Amino acid sequence: MNAVLQCTAVTLLPPDAVLRLTAPGADGPDAPEPYVLCELGTHDKQRTEHAAYLRPGRTPDSPALWFFWTGSGPERTHRAESTPWCPALLRRLDSGAVRRCALFDHHPASHSWGRDRPARRPDGGAARPRRLPRRVTP
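Residues numbered from 1 in each chain as written. Predicted model: local features only at pLDDT ≥ 70, side-chain atom pairs only at ≥ 80, totals over all residues. Heavy atoms only, no water.

Engineer: What should I look at first to understand the environment of Pro63 in this one?
Structural biologist: Within the element layout of this structure, Pro63 appears in the loop between strand S4 (50-55) and strand S5 (64-70). Pro63 sits in the partly exposed class, given a relative accessible area of 38%. Each C-alpha atom of the pair Pro63 and Glu81 lies 9.1 Å from the other, and the pair is 18 residues apart in sequence. In this view, Pro63 contacts Pro56, Gly57, Ser82, Thr83 and Pro84; residues no more than four positions away in its chain are not counted. (Helix = DSSP H or I, 4+ residues; strand = E, 2+ residues; numbered from the N terminus. Buried < 20%, exposed > 50% of the residue type's maximum accessible area, 1.4 Å probe, protein only. Contact = heavy atoms within 4.5 Å.)

Structure below.
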């Protein structure tokens, strides 16, 4: 299976999204990063929204909170919404292991197991470890 590189788009979270992540009762980190990285494989950046996982739902199968955006600077549009998980599964016939796609339902580009992180950030610095969505397989 040929892997696709992960999209390298980065954007700052708007203040209202940060407030939602730090609101009482919100399941998530105490101090979220002020920016997000696109989780998708490489895609058409002009016609396809970028997407960043923000936090899980209440249960492993509950919709997760995602941040979607297009454009940059004053042309950037964004939205944050709870979106169901992609139902795709990857089954290893030799071991019986099952992996669920860690992206939202109807996502563009490849499934989460079909993308590789770039070794470098867009600014040329070394890529740092990422917090990827985790889904428990029953």
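Structure's up, so let's keep going.
Engineer: Explain the sheet that holds S5 here, please?
Structural biologist: Strands belonging to one sheet form pairs held by backbone hydrogen bonds; the direction of such a pair is parallel or antiparallel. Read across the open sheet, the 3 strands follow the order S4-S5-S6; overall the sheet is antiparallel. Two strands in the sheet have a free side with no partner beyond their single neighbour: S4 and strand S6 (77-83). Neighbouring strand axes in the sheet, compared pairwise and without regard to direction, differ in orientation by 25° on average. As defined by bridge partners, S4 adjoins S5 across 5 bridges and the pair is classed as antiparallel. (Pairing = 2+ DSSP bridges. Axes fitted to C-alpha atoms, helices over the stretch in contact; angles between N-to-C directions.)

Engineer: I keep staring at the pattern of salt bridges and nothing clicks. Help me out?
Structural biologist: A side chain of one charge can pair with a side chain of the opposite charge if their charged atoms are brought near each other. Across all of its chains, the model carries 4 salt bridges by this definition. For the salt bridge of Arg100 with Asp61, the shortest nitrogen-to-oxygen distance reads 2.6 Å. Highlighted residues: Arg100 in strand S8 (residues 98-100) and Asp61 in the loop between S4 and S5, separated in sequence by 39 residues. You can call Arg100 buried: its relative accessible area is 17%. With relative accessibility at 52%, the residue Asp61 sits in the exposed group. We note a salt bridge from Glu81 to Arg79, for which the minimum N-O separation is 2.8 Å. Each of Glu49, Arg79 and Glu81 takes part in one network of salt bridges that share partners. (Salt bridge = Lys/Arg side-chain N within 4 Å of Asp/Glu carboxyl O.)

Engineer: What is the right way to look at the packing of aromatic side chains in this model?
Structural biologist: For any two aromatic rings, the description comes down to two numbers: the centre-to-centre distance and the angle of the planes. According to the stated counting rule, one finds 6 aromatic pairs in the structure shown. With a centroid separation of 5.6 Å and 70° between ring planes, the pair formed by Tyr53 and Trp66 is classed as edge-to-face. Taken as a pair, Tyr53 in strand S4 and Trp66 in strand S5 lie far apart in primary sequence, 13 residues in all. Owing to a relative accessible area of 7%, Tyr53 belongs among the buried residues under this scheme. Classification of Trp66 by relative accessible area gives buried; the value is 0%. (Phe/Tyr/Trp six-rings, centres within 6.5 Å; stacked < 30°, edge-to-face > 60°.)

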